[in-house]
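Below are the chains, spelled out letter by letter.
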Amino acid sequence: MLGIVTLLVATAVVALVVQGRHDSKNVARARSLSVAETFAHAPGIAAALDSKDPTALLQPRAEEIRRSTGVEYVVVAGTNGIRYTHPDIALIGKRILGPYKEALEGEASTRTITASRGLAINSVVPVQRPDGTVAGLVSVGIKVDTVNRLAYPSIPLAIGAAVVALALTAGGAALVSRRLGRQTRGLGPAEMTRMYEHHDAVLHSVREGVLIIGADGRLALANDEARRLLELPADAEGRAVTELGLEPRIAELLASGRVATDEVRPAGKRLLAVNLRPTDERGGPPGTVATLRDTTELQAVTGRAETVRERLLLLYRAGARIGTTLDVTTTARELAEVAAPGFADCVTVDLADSVLRGEEPEPPAGEVMDMRRTAAGGVGPDHPLYPLGQVIGFVPTSAEGIGSSGGHTWVVPDLAASEQWRLPDPEQAARILEYGFHSLLSVPLHARGVILGMANFWRARNQAPFDAEDLSFAEELVARAAVSVDNARRYTREHEMAVTLQRSLLPSGLPEQNALDVAYRYLPAQAGVGGDWFDVIPLSGARVALVVGDVVGHGLHAAATMGRLRTTVHNFSTLDLPPDELLGHLDELVARMDQDEEAGGGAITGATCLYAIYDAVSGRCSVARAGHPGPALVLPDGTVEFPEIPAGLPLGIGGMPFEATELHVPEGSRLVLYTDGLVERRDRDIDDGLEELRNALAGRDRSPEETCEDVLEAMLPNRPGDDVALLVARTRTLDPARRVQWDVAPDPAAVAGVRKEATRWLTDQGLDEEGFVTELILSELVTNAIRYGSEPISVRLLYDRALICEVSDCSSTSPHLRYAATTDEGGRGLFLVAQFAERWGTRYTERGKVIWSEQTLGGPPSA
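Residues numbered from 1 in each chain as written. Predicted model: local features only at pLDDT ≥ 70, side-chain atom pairs only at ≥ 80, totals over all residues. Heavy atoms only, no water.

If you had to explain the sheet that holds strand β19 (residues 607-615) to someone new, which residues and values would you point to?
In spatial order, the strands read β17-β18-β19-β20-β23; together these five strands make up an open sheet with antiparallel pairing. Lying at the two open borders of the sheet, with one neighbouring strand each, are β17 (530-539) and β23 (661-664). Neighbour-to-neighbour, the strand axes of the sheet open up by a mean angle of 15 degrees, direction not taken into account. Of the pairings in the sheet, the one linking strand β20 (residues 620-626) to β23 comprises four bridges and is antiparallel in character. (Pairing = 2+ DSSP bridges. Helix = DSSP H or I, 4+ residues; strand = E, 2+ residues; numbered from the N terminus. Axes fitted to C-alpha atoms, helices over the stretch in contact; angles between N-to-C directions.)

Lay out a nonpolar patch on the surface in plain terms, naming residues and giving numbers.
A contiguous nonpolar surface patch, about 300 Å² in accessible area, is contributed by Leu 649, Ile 653 and Met 656. Within the secondary structure, Leu 649 sits in the loop between β22 (640-641) and β23. The class for Leu 649 is partly exposed, based on a relative accessible area of 34%. (Patch = residues over 30% accessible without salt bridge, like charges linked within 9 Å, V, L, I, M, F, W, Y side chains within 5 Å. Areas by Shrake-Rupley, 256 points an atom, 1.4 Å probe, with all protein chains shown as cover. Salt bridge = Lys/Arg side-chain N within 4 Å of Asp/Glu carboxyl O. Buried < 20%, exposed > 50% of the residue type's maximum accessible area, 1.4 Å probe, protein only.)

Hey, could you go over the sheet that holds β22 for me, with residue numbers and the actual values?
Spatial ordering of the open sheet is given by β16-β25-β24-β21-β22, a layout of five strands whose pairing is antiparallel. Two strands lie at the open edges of the sheet, namely β16 (516-523) and β22, each paired on one side alone. Across the sheet, helix α18 (residues 686-697) lies against β21 (632-634), β22 and β24 (670-674), angled at about 145 degrees from β24, the strand it touches most. Packing of helix α19 (residues 704-715) onto the sheet brings it into contact with β16, β24 and β25 (724-731), and relative to β16 it is tilted by some 30 degrees. (Contact = heavy atoms within 4.5 Å.)

A description of the pairing of strand β29 (residues 839-844) should follow, citing residues and the corresponding values.
For β29 and strand β30 (residues 849-855), the ladder comprises six bridges, and the chain directions are antiparallel. Across the sheet, residue Tyr 844 finds its bridge partner in β30, namely Lys 849.

I'd like a description of a negative patch on the surface, backed by residues and values.
The grouping of Glu 680, Asp 685, Asp 687 and Asp 688 at the surface amounts to a negative patch. Turning to its location among the elements, Asp 687 is positioned in helix α18. (Lys, Arg positive; Asp, Glu negative; His and termini not counted. Charge placed at Lys NZ, Arg CZ, Asp CG, Glu CD.)

Run through the confidence of the model for the protein, naming residues and quoting values.
With 81% of its residues at a pLDDT of 70 or more, the protein has an overall mean of 80. Ignoring residues within four places in sequence, the model shows residues 821-825, a span with pLDDT below 50, making three contacts including any to other chains. (pLDDT = per-residue confidence, 0-100.)

Lay out the pattern of salt bridges in plain terms, naming residues and giving numbers.
Enumeration over the complete set of coordinates arrives at 29 salt bridges. Ionic pairing is found between Arg 480 and Glu 476, a salt bridge with its closest N-O pair at 3.1 Å. Of this pair, Arg 480 and Glu 476 both sit in helix α15 (residues 468-505), four residues apart, which is roughly one turn of that helix. A salt bridge links Glu 705 to Arg 521; its shortest N-O distance comes to 2.8 Å. Residue Glu 705 is located in helix α19, and its partner Arg 521 is located in strand β16; the two are separated by 184 residues in the primary sequence. Taking the relative accessible area as the measure of exposure, Glu 705 reaches 41% and is therefore partly exposed. Here the residues in one salt-bridge network are Arg 258, Glu 263 and Arg 265, joined through shared partners.

Before we move on, can you summarise the packing of aromatic side chains with the specific residues and values?
In total, this model carries six aromatic pairs according to the counting rule given. Their ring planes at 35 degrees and their centres at 4.7 Å tell us that Tyr 520 and Phe 534 sit as a pair that is tilted. Placement of the pair is Tyr 520 in strand β16 and Phe 534 in strand β17, with a sequence separation of 14 residues. The class for Tyr 520 is partly exposed, based on a relative accessible area of 25%. (Phe/Tyr/Trp six-rings, centres within 6.5 Å; stacked < 30°, edge-to-face > 60°.)

Spelled out as C-alpha cells, the structure:
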C-alpha cells in the first residue's frame, strides 16, 4: 500500500516537474529567438560579415552578448554555414549543425538540436543587407540542461506536497510493512541470489577496471576489465599489489592508499587514468577502491588536436610577420624565422637572381636552375649547409627534382636512405648527415605560374620525419610567403626604375671652377624616391651659384617635378639673375605647373628652394630662400653660425616677393646647404636637429668631403625616412694680383690707352700670347660702352681658370649679336667677340650692366 501511495505521489511530482520544464522550454525558445533577432538586426553585423576578417570583428561582440544574456552560444555563420564565431574557438571555421537553409530564404526558425555541447534549443535568424539579400546567419542556443534548471524552482513545492502526502500515509504504511516483515522475515534465498548475480554482472560488464585493495595492501577483488588492462595473473586475488608484476609507477600508486584523481600512469603500451578512494568513509571495512580507464586513444587524439592548433597559430604568425616590408631579402628571412624552430629545426630560402634584382622571373632555359641562398633560420655558426649568397644549381626538368618548372615539391623522409638526394654532391651530403639532419622537405615558391625560389625545411633534433600532413602545411605556408616575395620583387623593380630616373636627373659630377671646393651627398629615402636636388652652377666673373631644393612627396611624380625645376634653374642662371629674382621666376613657373596639374586632376606641386651666389672676387655671398631651411656657415676658426635669411613662401604659393641677403664669407669658410630630411624627423624637432648639426660641424677644420662624412654619421646613423641632400662648399678668393680694374673716360680716344694697360698687365701675368685677342675684345666692348652706354665706364680683367674681360657702364641697354650687311659700316663688333671668346654675355647690376667674355687660355678657339 505504501508503495502504491508513493507511486501516485511520485507521478504527481513528475507531472508538475514536466509541466514546469515545458513552460521553461517555451520561455527558452522565446529567449533564444529574441537574442538571435536582436543580434542579427544590430548595426554593423552585415558589414562585418562582408569584411575580410569577420571573426576578428564579430567574435568579441558575440561573446559579450552570450555572457550578458545567459545563452549557451551565439554563433555567426556565412551563407555556406561556416562558423565565424563560437565560444569554443576550435569550432570556428567548421559548419554549423542543424538545418539553416530556411534562414537563407529570410525565415527565422527555432528547433531542438544536438549541438557540439549537447542537446540545445536553437534559433536561426538571417542577417540581411540593406538591399534585402542575406549576408549570413545568427544561431543562438540554450542547452536543454539549462532549460531544465529553469524548472527547478517548482521542484521544492512538489516535494513539499509529496512529503505531506507521504506523512499522512506513513503511519498506515509502517503498520502494514511491519506486519509484512514479520510474515516474510526478510528476503528469501532466491531474492538474495538474484541480487548477488545482478551486482556481479554489473561489476564485470562495465568498461572501467575496478580493484578493491585491503588495508594490508593485498588485492581483494578485480573485475574482468581490470584484469585485461593490467594483464593480471589468474591467482591475483589475495596477493600483494606490489607482487603482481605491474609497472613500478602504477604499483606504487595502488599500494599508497592515498586519494588520487585521474592520475595517468603507463601500463605496457597503454596510458591508464587511475582514481583511488578509501572504502571506510561511510562505515565500510578499511581499504581502497581503484578505478582504471584506458586513455591511450584519447591522448593520441589530444596530441593531434594540439598539433593542429600549433599549426594554425604558426599560420597566423606567418600572416602577421611575413611581408612586413617590401624588401625581397627581408621577406625571405621572415619566412625562415617563422618556420624555424616551430615547424622545422632549420629553414633555408633560395631565390633566383632575377627575383633579387626585381626582374620578372623566367622558366629555366636549360637543365639547371640557378638560385642564390638568400636566408637561413634556426642554424648555428657551424652548420654544413651552403652559406648565404652562394649560387646553388637545381635540376628542374625531373618530375622529382627540387623546384621543377611544374612546381613539384620533394619530400625526403630519410636522407640517409635517399640515393637521389646524395647524388649531386656526395661530400656535402655526408657533412649534412654527420651534422644530424635526417629529413628534408623542399617546396617551391611560385607566383603566377612561375618559380621564384625554393624553401627547404630540415629536421635534426625533431626525430619525426616529414610526412604528408607536414607537406600540406608547408605548401600553405610557402604559398603565403610567395605572394609577399612577388610583391616585394615587383616593388623592387619599380623602385629601381624610379631611382634610376631620379639619379639621371641629379648632377652626375661637379663642374670645374676655382671659387669653391665642393663636396656633396645624396641619400634616397628608405621607401620610395624623393624630390630633393642640388646643383653647382659656374657663373660669369668668377662666381658660382649653389642650389638646394626639395619637392614635397615621393615617387615618380616628385622625381619628374624635381628634374623640371632643376632644368629651369639652370636656364634662369644663364641670365645671371640675382637670387631673389630667380626665385620669383621659379615661383611663377611652379604656379603654372600647379594650374596644369589641377586641370588634369593631378597632385598639386609643393617645393622649396635655396639659391646662393658666391663671388670669389669680393668674398661675398648673396642668398635667398623660398620656404627652405637656411644655410649653416662654418667660419675658419670652427665657429658655426646660422645666418638670418628671410624665409619666403614655398614655391607656387605666390603673392609675396623674395628677399636676398648679402653675407660676408671669409676665405676658408664652409657653406653648408641641406634639405629638411637632415635635421627634421618625426621623433625629433627641427630645433634639436639644428643643434645636432651645429655640434657635428663645430670644431676642427675639415675638408668638405670629411665634413659630409662626419655630418651624416652624426645625424643619420640609420637609413633616413626622407631623402637628404647635403652640399658643403669651402670658399676661396681670387688673388688680388690676378685681377685689375680701370676707369675709362667716355672718349673714343681712351680705347688705345685701355689696350696698352691691358697688354702691360697681361705681360706681367705671363699671358703675352693672349694679348692680341684681348686687345681686340676690349676694343669692341669699350667702344660699344662709350658709344651706347653712360658713365661711369670701367674695365676689369680677371685671371682665373680662363681670362675674363668685363666692361661695365650705367646703362641698361642690352647689346645684341647680329649679322652686318656688306654695305654696313658697323655691327660686327659683338660678332668678332663671339668668334674669339669661349663665352660672352651680359649681366645686370643695381647700377647698370656688365658685358663680359671668357677666353680659354692657350689661344682662341678655332673659327
